[in-house]
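Each chain, written out:
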Amino acid sequence: MAPHVLDGAALDALRSGFAGEVVVPGDPSYDETRTLFNAMIDRRPSLIALCETVDDVAAAIRFGRDRGLEIAVRGGGHSVAGMSLTDGGVVVDLRRMHAVVVDPRARTARVGGGATMSHLDRATQPYELATTGGRVSTTGVGGFALGGGSGWLERKFGPACDSLVEAELVTADGTLVRAAENEDPELFWALHGGGGNFGVATSLTLRLHPLPAFTMALLLWPAEAGPEVLRTYRTLLASAPDEVGGAMLFLTGPPEEFVPEHLVGALACAVLVTYAGTEAGAREVLEPLLALGPEGRLVMELPYADLQSMLDDPPGYRNYWSAEYLDHFPDEAVDRFCARARDMVVPSPSQQVLFPAGGAVARAPADYPIPWRRSPWVVHPFGLWADPADDRRARQWAHDIRDDMRQWSSGAVYLNFIGDEGSGRVVAGLGAHNLGRLARVKTAYDPDNVFRLNHNIEPG
Ligand code: FAD
């Protein structure tokens, strides 16, 4: 849809009280400002409101509503389906609201609604404090945490939403509300997985946890070793302490010093072990994997914030991802998972990932609307490729993995790991038993479904 040409006087009025910047089609920065992580998304909003204050957010929402324009909310811009960009509507862009204030005594961080993981992790690292974050530095904390939040530290500290202490939101009518355990507890509960359905979070306060030492190990083998490596990894995770996080994955061997030449640019099998502790502790855990003779290996103690930006996926690629949450991961699933890696686009930044859950992920502090937390294994085909000629193949690969795994599926899914896969998957993401309660909160805060560019909960 072509963007609307907005009335000049109305634009002037919006700009006059606006602390941030208002970008419209034709402005020099328009195209750069509307670019998302997924290069397949090309939409042309009528207005992008680069907000700097809570009042800016309220003004942008009102501007869109008064004109009947669709409203998108943008944080880190990582939504694979492009839910943070609208054709013809208004984008409430939060990127300039990225301040992070750490209170080391209270062990909390107050995070601006548009901050990325990098803003958060860099602010907490000097205090040797951390909270569960996304696995790359460029993901928006808002979209990540409100959807649940899965990361390397989750087996130790739980999904990110378990550490949510408070949120401030601008709602559909432009008012600012505060949600915490003892202040609007229903809204607070709904923000643990319900995403951007209830308003624009201008700040989130997250609980921080001591993390004095952190270790990572990246071990690589040729792809053929996959079934043996994965069986060993599965056994290791069955009795691993909560300090152990990470993933088993297939990827294109990266051009790094620790990677032997024959694996560079080739399909490789890898295990990434993260350990919330010292290298000595990590090495004990790693023993069974090291015994398999990885052909590339990197084991190092490092600040957690450094790891968080070490594995950043590059922007500008075409994206398609999906996920299946599994109750069991028997030998047949292992073999099918490994065989399917042959269909991945290689070389490319794509990854065919298996995440372990369990630990604190499975130990719910409350019955939040994230039913996927009970599933011990997560299969996550994460496709990033450059050539449009590979579009069909990359999508098919992701669909085939889901089909292959479906018989072991728990039926639940984490909505931040999928794109727009229809209303049935939204139910799977939030839990059918939670829908009525979520819809009541939605009705209270967004009865007209102004915030519908998301994994949508309908009012009523
Ligand atoms: P955006 O595209 O800006 O926003 C997506 C949606 O989130 C918006 O439509 C809106 O509904 C909502 N939203 C964002 N900010 C706010 C706010 N302040 N207030 C209200 N609503 C808001 N997820 C994980 O859990 N763990 C990972 O390790 C992980 N790794 C990823 C790596 C990459 C490279 C990418 C691209 C994504 C990854 N994700 C991961 C998925 C990510 O969590 C989701 O895509 C999430 O929605 C991104 O949030 P964002 O703010 O960056 O996205």
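Residues numbered from 1 in each chain as written. Predicted model: local features only at pLDDT ≥ 70, side-chain atom pairs only at ≥ 80, totals over all residues. Heavy atoms only, no water.

Novice: Just to check I follow, could you spell out the overall build of the protein for this structure?
Specialist: Scanning the protein from terminus to terminus reveals 14 helices and 19 strands. Taken over C-alpha atoms, the radius of gyration comes to 22 Å for the protein, in line with the 23 Å a tight globule of 460 residues would show. In terms of its C-alpha atoms, the protein occupies a principal-axis envelope of roughly 70 × 50 × 40 Å. The buried share of the protein, reckoned over its 460 residues, is 60%. With 40 positive and 59 negative side-chain charges, the protein shows a separation of 3 Å between the mean positions of the two kinds. (Helix = DSSP H or I, 4+ residues; strand = E, 2+ residues; numbered from the N terminus. Rg over C-alpha atoms; globule rule 2.2 N^0.38 Å. Buried < 20%, exposed > 50% of the residue type's maximum accessible area, 1.4 Å probe, protein only. Lys, Arg positive; Asp, Glu negative; His and termini not counted. Charge placed at Lys NZ, Arg CZ, Asp CG, Glu CD.)

Novice: I'm lost on the packing of aromatic side chains in this one. Help?
Specialist: Geometrically, a pair of aromatic rings is defined through the distance of the ring centres and the angle of the planes. Across all of its chains, the model carries eleven aromatic pairs by this definition. Ring centres 4.5 Å apart and planes at 40° place the aromatic pair Trp-372 and Tyr-414 in the tilted group. Highlighted residues: Trp-372 in the loop between strand S18 (351-356) and strand S19 (377-385) and Tyr-414 in the loop between helix H12 (391-405) and helix H13 (423-430), separated in sequence by 42 residues. Taken together, a centroid distance of 4.7 Å and an interplanar angle of 65° make the contact between Tyr-414 and Phe-417 edge-to-face. Its relative accessible area of 10% is what places Phe-417 among the buried residues. One Lys or Arg, Arg-67, reaches over the ring of Phe-63 and ends 4.0 Å from the middle of that ring. For the cation-ring pair, Arg-437 lies above Trp-189, with the distance from its terminal atom to the ring centre recorded as 3.7 Å. (Phe/Tyr/Trp six-rings, centres within 6.5 Å; stacked < 30°, edge-to-face > 60°. Lys NZ or Arg CZ within 6 Å of the ring centre and 35° of its normal.)

Novice: Before we go on, may I ask you to explain the domain arrangement of the protein in this structure?
Specialist: Interface size, as often reported, equals the accessible area lost upon joining of the parts. By domain assignment, the protein separates into domain 1 (19-93), domain 2 (100-210) and domain 3 (215-417). The straight-line distance from the C-alpha centre of domain 2 to that of domain 3 is 25 Å. Contacts between domain 2 and domain 3 engage 31 residues on the former and 40 residues on the latter. Counting the surface domain 2 buries against domain 3, the share from its top three residues, Trp-152, Arg-155 and Lys-156, is 32%. On the surface where domain 2 and domain 3 come into contact, there are three salt bridges. The interface formed by domain 2 and domain 3 includes 21 residue pairs in polar contact (both at pLDDT 80 or more). Among the elements of the structure, helix H4 (117-124), helix H5 (141-147), helix H6 (154-157) and helix H7 (185-190) are those that each provide at least two residues to the side of domain 2 that touches domain 3. Considering every element that reaches the side of domain 2 that touches domain 3, the biggest residue donor is H6, with four residues. By residue class, the composition of the side of domain 2 that touches domain 3 is ten nonpolar, 14 polar and seven charged. (Domains from an automatic or database assignment. Contact = heavy atoms within 4.5 Å. Buried area = accessible area lost by both parts, 1.4 Å probe. Salt bridge = Lys/Arg side-chain N within 4 Å of Asp/Glu carboxyl O. Polar contact = N/O pair within 3.5 Å; in protein donor to acceptor, adjacent residues only side chain to side chain. Nonpolar A, V, L, I, M, F, W, Y, C, P; charged D, E, K, R; others polar.)

Novice: Explain the side chain of Asp-404 here, please?
Specialist: You can see Asp-404 is positioned in helix H12. Asp-404 sits in the buried class, given a relative accessible area of 11%.

Novice: Is there a simple way to explain the nonpolar core in this structure?
Specialist: Generally speaking, a soluble globular protein has its nonpolar side chains buried in company with each other. In terms of nonpolar packing, the biggest core is built from 73 residues, with Leu-191 and Phe-198 touching the most fellow members. Every residue in contact with Leu-191, bar those within four places of it in the chain, is listed here: Ala-145, Leu-146, Leu-164, Ala-167, Leu-169, Ala-179 and Phe-198. Ranked by size, the runner-up nonpolar core spans 45 residues in total, among them Ala-217, Leu-286, Leu-326 and Cys-338. (Core = buried A, V, L, I, M, F, W, Y, C linked by side-chain atoms within 4.5 Å.)

Novice: Help me out: how do you make sense of the packing of helix H8 (residues 226-238) against helix H11 (residues 331-340) in this one?
Specialist: Two numbers describe a pair of packed helices, the interaxial angle and the distance between the axes. As a packed pair, H8 and H11 sit with axes 9 Å apart at the nearest point and diverge in direction by 135°. If you check the angle between H8 and H11, you find them oblique. Here the hand of the crossing between H8 and H11 comes out right-handed. For the pair H8 and H11, the contacting residues are Gly-226, Pro-227, Leu-230, Arg-231 and Arg-234 in the first and Asp-331, Val-334, Asp-335, Phe-337 and Cys-338 in the second. Residue composition of the contact of H8 with H11, by class: five nonpolar, one polar and four charged. (Axes fitted to C-alpha atoms, helices over the stretch in contact; angles between N-to-C directions. Parallel < 35°, antiparallel > 145°, perpendicular 65-115°, else oblique. Left-handed = near helix turned anticlockwise from the far one by under 90°.)

Novice: What's the story with the sheet that holds strand S8 (residues 164-170) in this structure? I'm lost.
Specialist: Whether parallel or antiparallel, the strands of a sheet pair through hydrogen bonds between backbone atoms. Spatially, five strands are ordered S5-S6-S10-S8-S9 in an open sheet, and the strand pairing comes out antiparallel. Whereas interior strands pair on both sides, the edge strands pair on one side only; in this sheet they are strand S5 (100-103) and strand S9 (176-180). Taking each pair of neighbouring strands and ignoring which way they run, the sheet shows an average axis angle of 15°. Relative to strand S6 (residues 108-112), S5 is paired through four bridges, and the arrangement is antiparallel. (Pairing = 2+ DSSP bridges.)

Novice: Explain the pairing of S5 to me, please; I cannot follow it from the model alone.
Specialist: In regular strands, side chains alternate between the two faces of the sheet. The alternating pattern of S5 places Val-100 and Val-102 on a buried face and Val-101 and Asp-103 on a face that is not buried. With antiparallel pairing between neighbouring strands as the criterion, S5 and S6 make up a hairpin whose turn holds four residues, including Arg-107 at a positive phi of roughly 55°.

Novice: Explanation requested: the sheet that holds strand S3 (residues 71-74) in the structure shown.
Specialist: An order of S1-S2-S4-S3 is seen for the four strands of this open sheet, with the pairing classed as mixed. Two strands in the sheet have a free side with no partner beyond their single neighbour: strand S1 (21-23) and S3. Here the average twist between neighbouring strands, direction ignored, is 20°. Pairing of strand S2 (residues 47-50) with strand S4 (residues 90-93), which is carried by four bridges, proceeds in the parallel orientation.

Novice: Could you clarify how one ought to interpret the site of the ligand in this entry?
Specialist: In the vicinity of the ligand lie 35 residues, with Gly-75, Gly-77, Ser-84, Ser-150 and Tyr-414 positioned nearest. Within the contact set of the ligand, an oxygen atom lies 3.4 Å away from a backbone nitrogen or oxygen of Met-83. Within the contact set of the ligand, an oxygen atom lies 3.3 Å away from a side-chain nitrogen or oxygen of Asn-416. Compared with its free state, where it exposes 960 Å², the ligand has 95% of that area covered by protein. If you list the elements that add at least two residues to the shell around the ligand, you get S3, H5 and strand S10 (200-207). For the shell around the ligand, the element with the most residues is H5, which contributes four residues. (Near = heavy atom within 4 Å. Areas by Shrake-Rupley, 256 points an atom, 1.4 Å probe, with all protein chains shown as cover.)

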